[in-house]
Each structure stands twice: as C-alpha cells, then as structure tokens.
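Descriptive structure summary
Here are the chains, one letter per residue:
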There are 2 protein chains.
Amino acid sequence: MALKRPSAKRIFASFTNMASQARHYSAPGESSIPPAKQKYVPTSGNYPKGFLAASAHVGVKASNTRFDDLALIASETPCNAAAVFTKNKFQAAPVTVSRDILQKRSGSGVRAVVVNSGCANAVTGKGGLADAEQMAKETDRCFDSEDDGLGIRSIVMSTGVIGQRLPIKKIIHKIPSAYSDLGSSHAHWLRTARAICTTDTFPKLLSRQFTLPSSPSTTYTIAGMTKGAGMIHPNMATLLGIICTDAPIGNPALQSMLSNAIDKSFNSISIDGDTSTNDTVALLANGAAGGTEIKTTDSPGFDKMQETLTDFATDLAKLVVRDGEGATKFVTLRIQGAANEPSAKRIASTIARSPLVKTALYGKDANWGRILCATGYTEGADDSIEPEEISVSFVPSDGSAELKLLVKGEPQNVDEKRAGEILEMEDLEILIKLNDREGGFESVFWTCDFSHEYVTINADYRT
Amino acid sequence: MALKRPSAKRIFASFTNMASQARHYSAPGESSIPPAKQKYVPTSGNYPKGFLAASAHVGVKASNTRFDDLALIASETPCNAAAVFTKNKFQAAPVTVSRDILQKRSGSGVRAVVVNSGCANAVTGKGGLADAEQMAKETDRCFDSEDDGLGIRSIVMSTGVIGQRLPIKKIIHKIPSAYSDLGSSHAHWLRTARAICTTDTFPKLLSRQFTLPSSPSTTYTIAGMTKGAGMIHPNMATLLGIICTDAPIGNPALQSMLSNAIDKSFNSISIDGDTSTNDTVALLANGAAGGTEIKTTDSPGFDKMQETLTDFATDLAKLVVRDGEGATKFVTLRIQGAANEPSAKRIASTIARSPLVKTALYGKDANWGRILCATGYTEGADDSIEPEEISVSFVPSDGSAELKLLVKGEPQNVDEKRAGEILEMEDLEILIKLNDREGGFESVFWTCDFSHEYVTINADYRT
C-alpha cells in the first residue's frame, strides 16, 4: 500500500495561523491551537498493528476550500467491531446505516470506518439513507474483500449541520484518494483525527500500549480519536469516536466491553446538556498482535481489557471536555454516598447542565448555593438527598487541602480569598458527599463552564 | 389606617437613572427600566377591596442603602390563603415555615404576606427557620387579630442569595414602618411589587376585574405581583408571586384552583432550567366584594373563577419571561399532537432549556435542527415522537403566514430571508406538530433566548 507521509509539523502549521480561539463551525478550518491546549495534542504515538489512517479534502461545506474533511480508518484484515449510538429519537442516516451494517455482520468482517465532517446527514429522509449507504459501499470497493454474503463491511459516520444533504458525489470521488493515502505513521493518525473535527480547537488523538494476562508476552496497542465540542451530554452528543486495537477480541465480548466503557466515559461528560442525532463511538479489534482471543465476558483477559478500554475511553472523553465550546475550566464532579448508582449519576448530570452553576464557575464565584440547588432539583434522586447530611467541598487541582463550603447542611465560613485562588486554576474538583452512609455509591462526571464564547459560537453557528 | 402615598412618578424616576439594562443582583436597585420593557409596567390599576400594600427600606444587602427591600401585603380582615411551593429538595426556611403556617390554619384566618429581597434565607439551618418565624410573628403583632389557637397568621417569603443569614433585627425593626405605610393606591402596589424584585429590570404587577355567574351583579377584582428573573423553570424558580382577590373563595377550592392555575402558568415557563429553593406563589382571597362563597370544586362559580385565575396567573408568569435574565426574545412553544399531556409538556420543557436552541434564537438563526434534536432527546416522551410525522413551523407574531421548516419529517426549502424577518421580531411562536393524530394533546410553554448578557449577569452575581 503506497503511503504519503505528511509531517506532524505541517499539521500544526495549519492550526497555528491565528492567535484567537476561533472555531470553525461544522468544518475543520485553519484555526490555531490555543497555547493552553497544545499540551493535549501528542507529538508521537504507538499505533495498533494492521490499522491505517488517512484523510482527504472534499469541501463538504462549500466554504471549505482547503482543509481535509474526509477521514478513513482501515484494518488491513477484516476485523471485529462494536459501536454505541445516540439515543436521540431522531437518528442521522449514518447512525441507522451503520447500526444495520454491524447487526447484519454480527460485528465481524469489518474493514473500515469512513467519516465526513461539515454535514451531519441528519433529518435528510430516504435520500440521506441512500447517501450514507453509498459512502459505505464506495469505501468497500477500495478493499479486495470477498463477498461473505453479510453485506457492507465499512461503517459510516457524519458530523456537522443537521437537515442538509451531503454533497455525495464529491465525497464518493475522494474516497479512493483517502484510501491511497492510508498509512500508519503518527502524522497519518493526527491528520485523520483533525479531519473529523468541527468546532474543535485541537485534534483529539490518544494511543497507549498494554499487556493482557491471557497473553503475557504480547504487547498490545490501542489508539483512538474523537471530536466535540458542543451538543455534548449523555447520550451522547455530536461526538464521534473511533477506537482501534490490535488485541484479539471477538463479539459478544467486544460490544459488552464498549458499552461498559462508554457508560463511564463518553456518557459521563457534559458540555451543554444537548444530545445529538449523530453520536457514535466505534471500537475495532483486528487481533493483529496475536494472542488468545477474548470472546465472551468470561474469557481470561476480559477484565483487564475492560479496565484498559474504560481508562482509555475516559481519557479520550476528557479531551472533549477540555475542548468544550467556550470552556475555560475543566471540572470534575464527584458525587459520593448516594443510595444507588443511577441517583449519583443523575445528580452529577443535573449539576453539569445547570447554566447557573456553569456561569458561576466561569465567573470564578464559589457559589455553592447553586450547586446545592441543582442537586435539590435533580429528578429521580430523592432517595439520595437529605438536606442535613450533605457536604460540599472544592478540591484544588494542585493537591492542597480541600476547601469545605458546606458540612452536613451547615454553611461554612468560607475564606473567599482561598476560594478565589482555587477557582483561578483551570482544573477543579467539586466533591459532594451526600451522606456518610456505609457502602454509598459514587459517580464521577466531567464538565466545563459556560462562557460568553459559548454564546458567540452557538449564536451564529450556521453563518 | 394612616397612609403615605408615594407617587408612581417617584417610583419610575428611581428606575430610570441608567441607560443600560443593568441588573441589581439580589436586591432591587437604581436601575432604569429598559425602554422596550416600559410597556409592561402599568400606570394605573384596580385593586381588590380590603387589601393593602406597602414597602420599606431595610438594607438587607449592606450595599443597598436606599431602595425598598421589604414588602407587606395585608388583608383588612382575616382571609383565606393557598400556596404552591418549590419542589426542590433544599427548601428555604420561609418555605418550610409558610407551609407549616398554612397547614396549621387549613388556609384560613390569614392576615398578611411579608417578603424580603436581598437574601433567600435558604440553607441557613435552625437559625434560619427561627428568623423566618420571627418575621411572620412580628408581622402578626401589627394586627389586632384575636388568637384563634391556630398560630401565626402571616406568610413569609424571601428571595436573594442562598446560604446567608438574614439581618433579622434590621428586618424586624422595619416591619412596623411598612405596616404604617400600608395603602391601596396604584402607587402603593407598584412600590411593593418593586420591593420584591432582585435581578428584575421592571416591577411585575397586574390587576383585572371580572364577574362570576354565581354572583352576577358583583364586580370582583384580582391583583398580583411576581418577580424573576433567573433560576426560572418548573417547579418553580427563585420566583415569588402574590395574588389577591376580593372574591369569596374558601378552601379546599382555593388550593385546588391555585395548583391548577400554576400548572399552566408559572410551571409552564423556563428561563434557564434551574429551579430554586424559595419559589412560592400565594393566593389570598378575602371575600371583601361579597357574593356566594366558592368552597369546593363543585361550587357554582368555581369553573369561571378557575379560568379567570389561570389566565391571570399566565399573564403574570409571562411577565417573568419578558424579563428573563439577558433575554432579547419572548418565545411561545406550542407542542401539538402528543400521545398525552405529560409528554407534550416534557418536550416543551426540554426544548425550552436547550442552550443550543436558545443561543440560536439569540443569534436569529432558524436552526430547526436543534429544535428537533432537543425534541428527540426528551426523556419520557417516546410515545409521542415519530420522526416521519413531525412538522415544525415558525409562527410570526404579526399575524402573517407561518413559515414551514419541516413537514412530516421532510426539511423544507426555507426562505432564509423570510426566516430572518420573523426572527427579527421580539415575539416568536415555534409550533411543533408531533402528529396529525385525532385528539392529540397540546402543551404551551413560554421561554426566552440565551444571550451574552445572561452569562455576564450570572458570572458575577455575588460580586
């Protein structure tokens, strides 16, 4: 397979022409990576054996005349795949088509994921379904896979504006170009991660190596990319995620593992509480590194693989929060002492979407009253909330002592100067102990603040 | 009863010193009424017989050295009362105390409502409860009511910052001053309506006359005041409402009537989805105009009175939306064709709190995709949503033809120029027909947009 290798330098250059945190609405553009975000973009990586990545320029949005907006991630051999899709009642065409493809194949024999940014292909009727299917079929045509009678082998994803049809001819035309550019270098992966971005200010790519007790001498690799950055809330948002590993994992273990991991990662973040029509996270496993296959949840190695995947997906999901639209803060919500896990998660999710909490965080205001207030109006968590038992603290990200705001329902005499210092830091943990009860349940959730920039970004998204 | 009569002009003057839409955070202040809002402030009114109103300056917030922040609404004779309180698990002291007072009295023999702005007396422990009770008792002491063995006769409300104790001595000290200033003029009512305001840009006061078929020759009057303007969402927000009528209504009819009316008015509005610790709407009926008492829901006159009250409460609630923090738009959401009423209301409520929908409205962007998206992630409304059946239109407020955005799941070729014209108007109706089904259910909800100013207001509320 012939490879062109764009340098990482070139990719950075295209991001660094502008100083402001300009965002490119529904198509990747020539924006700078804000200095504070550059540390989240890897300069090298280890990528799973037998996976290749590439991008190409289509110009899905007519105004995008230069930047890659088509991404292709492929396995050199047919692989196993699983996916988690949006629960929105309005599901975009690529969601419907990809779910169908995976179902027909029982998640095996998959070759590639093809993604376009710039248009979501959502609420586009039968024509939209045909477009999504055509994208997948055209991708299939690039591979010399035997017809196994199970139909299409490529999954399709789209992200961008809702209600507009894809420029399908232009996309089809460029799939072979992307295919011929496939490669396994860091630059290939980074460029591909960038092509799926919309309002993101930086590409989100991670990779990691690990071992499994079931095959102790084998080094496995996992890599993944995702994109945000608005409409993010469980389940799941205009977010896309693609995770690839060369570990040998089969279905049903693969789907089960992904669903568990998503629950504690992509379904535990919120930017603005909106959940979209297109959200999809796919996990591909080609077994190229060898070893014993993990086939079911009882297989040796499942638990360690689950742990590895959940951690990895969590780190990917956190990158989405780091790049929340207009975000200036990264906030961890830790809810402890709940009567059960769903209550803990509901409380976290409710606080995470409260505009009053989020604007107070933006204003660096230790307004715990709003945190309490959001806790108190959480639906379906009555069993976990006793006003006289609740304690709220800020846990500083520099490891210094927590600042107690409320202890067992009693407001503390808060050192506002210290509160101000803690809120000056980019990272903050809000710790809510609902109760000291033995065996109480915990939920951890990640969110960001709500700024003027969020309003600016979303008030003229389409213009 | 000796009366001082402050002129309406004086009240206006104190509001009109500044040109910008400055808001006074948790205490009424010297802000101008924005020119566009002046039409919502009545210059005269008819007030119910036997009710009196007054305000006084306490300086609940130390920074408030000049503006009235204590309000007193009294009935010349003991009257019937009902109230609806916040459902937040953290209920402010005045909520707990007032609920208790009404319960002990079975809603009869009530003399007054005493309200302070500037401090919510919420999450203030046992001390806060004692403060709220003391406010009510001190108000009682002004009246020469016989002890009927049912305890306190005055209801108490507070609004403002959470987690701070009331300056109770200062408040107690000023209750007799407010009492001695009680009066029934329009200026009294307007001044009182202003004293309960926090971040409001204008006082919210309405009055109206009506007749009942049960006493056709009698003219009745209803008057009410309310305040917003953030943390507004069912049920119910840092909002307070006091409605008084001289119609003869007894309990249980009074409570039932109020609960029904609130459901379709104050519980059908949303500014930001946050619901607070203090929300209370009270209804007082003293029967001073005479006529046959409406005692139960079967009493003659109940239906007409219910209709009158619901309409009145709806108009009051709409004033809160008109003054939503940072709001530039007044949006009516009309959901039709639902499988049941709760589903219709859940969909309306979900759209009303979507930051993406609200910022698009602020940006005058006909982004129906976001409206659809919010519809699609509504929890508990699956039975009402079929993607192929839904239609979405903008209904212009000038009576011109509706603009169809989506018809039975098919995006329309939208005239963006026309969409822009419609979105230029302050008022907008978004009409969502879920289905053409016979006998489908409807819900109407009122909300506003989400602007930079909302962020500004709420990022430094406490400073």
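Every value quoted in this text rests on a predicted model; they were computed, and no experiment measured them.

1. Things to note about the overall build of chain A
- Scanning chain A from terminus to terminus reveals 12 helices and 15 strands.
- Only carbon and sulfur atoms are counted for the fraction: they give 49% of the accessible area of chain A, which is about 15800 Å².

2. Comments concerning the environment of Ile168 of chain A
Residue and element names in this part refer to chain A.
- Examined against the element boundaries, Ile168 turns out to sit in helix H4 (residues 168-180).
- Along the chain, Ile168 and Gln134 lie 34 residues apart, while their C-alpha atoms are 8.2 Å from each other.
- Excluding residues within four positions of it along the chain, Ile168 makes contact with Asp131, Gln134 and Met135.

3. Concerning the packing of aromatic side chains
- Summed over all chains, the structure comprises 9 aromatic pairs over all chains.
- Here the basic side chain of Lys204 of chain A rests over the ring of Phe202 of chain A, its NZ or CZ set 4.2 Å away from the ring centre.

4. A short note on the environment of Ile155 of chain A
Residue and element names in this part refer to chain A.
- Its location among the elements puts Ile155 in strand E4 (residues 154-159).
- Exposure remark for Ile155: the relative accessible area of 0% places this residue in the buried category.
- Here the alpha-carbon distance between Ile155 and Ala81, two residues 74 residues apart in the chain, equals 9.3 Å.
- Discounting residues that sit within four places of it in the chain, Ile155 has contacts with Ala81, Ser98, Leu102, Val110, Ala112, Val113 and Val114.

5. Structural notes on the relation of the copies chain B and chain A
- The two copies are related by a screw operation: chain B maps onto chain A through 180 degrees of rotation and 0.0 Å of translation along the axis, at an RMSD of 0.0 Å. Read as a symmetry element, the transformation amounts to a two-fold axis. Taking the C-alpha atom as reference, chain B places His452 of chain B closest to the rotation axis, 2.6 Å from it.

6. Looking at the interface of chain B and chain A
- The partner chain A presents 53 residues to the 53 residues of chain B that form the contact.
- The junction of chain B with chain A conceals about 4500 Å² of combined surface from both sides, 62% of it contributed by carbon and sulfur atoms.
- Connecting chain B to chain A are 0 salt bridges.
- Viewed at the interface, chain A and chain B are joined by 8 residue pairs in polar contact (both at pLDDT 80 or more).
- Going through the elements one at a time, helix H9 (355-362), helix H10 (368-376), strand E13 (410-411) and helix H12 (452-459) of chain B are the ones with two or more residues in the side of chain B that touches chain A.
- Take the side of chain B that touches chain A: its biggest share by element is 7 residues, from H10 of chain B.
- Looking at the side of chain B that touches chain A, its residues break down into 23 nonpolar, 19 polar and 11 charged.

7. Some details on the sheet that holds E13 of chain B
Residue and element names in this part refer to chain B.
- Pairing is mixed across the open sheet formed by 7 strands, whose spatial order is E8-E15-E10-E14-E11-E12-E13. Here the strands that pair on one side only, and so sit at the sheet edges, are strand E8 (269-270) and E13.
- Summarising the sheet, E8 and strand E15 (residues 441-448) pair through 2 bridges and their orientation is parallel. Of the residues in E15, the one forming a bridge with Ser270 is Thr447.
- Along the sheet face, helix H7 (residues 302-322) touches E8, strand E10 (330-338), strand E14 (427-433) and E15 and points at about 40 degrees away from the line of E15.

Cut-offs applied
- Residues numbered from 1 in each chain as written.
- Chains lettered and ligands numbered in written order.
- Predicted model: local features only at pLDDT ≥ 70, side-chain atom pairs only at ≥ 80, totals over all residues.
- Heavy atoms only, no water.
- Helix = DSSP H or I, 4+ residues; strand = E, 2+ residues; numbered from the N terminus.
- Areas by Shrake-Rupley, 256 points an atom, 1.4 Å probe, with all protein chains shown as cover.
- Contact = heavy atoms within 4.5 Å.
- Phe/Tyr/Trp six-rings, centres within 6.5 Å; stacked < 30°, edge-to-face > 60°.
- Lys NZ or Arg CZ within 6 Å of the ring centre and 35° of its normal.
- Buried < 20%, exposed > 50% of the residue type's maximum accessible area, 1.4 Å probe, protein only.
- Least-squares fit on C-alpha atoms with pLDDT ≥ 70 in both.
- Buried area = accessible area lost by both parts, 1.4 Å probe.
- Salt bridge = Lys/Arg side-chain N within 4 Å of Asp/Glu carboxyl O.
- Polar contact = N/O pair within 3.5 Å; in protein donor to acceptor, adjacent residues only side chain to side chain.
- Nonpolar A, V, L, I, M, F, W, Y, C, P; charged D, E, K, R; others polar.
- Pairing = 2+ DSSP bridges.
- Axes fitted to C-alpha atoms, helices over the stretch in contact; angles between N-to-C directions.

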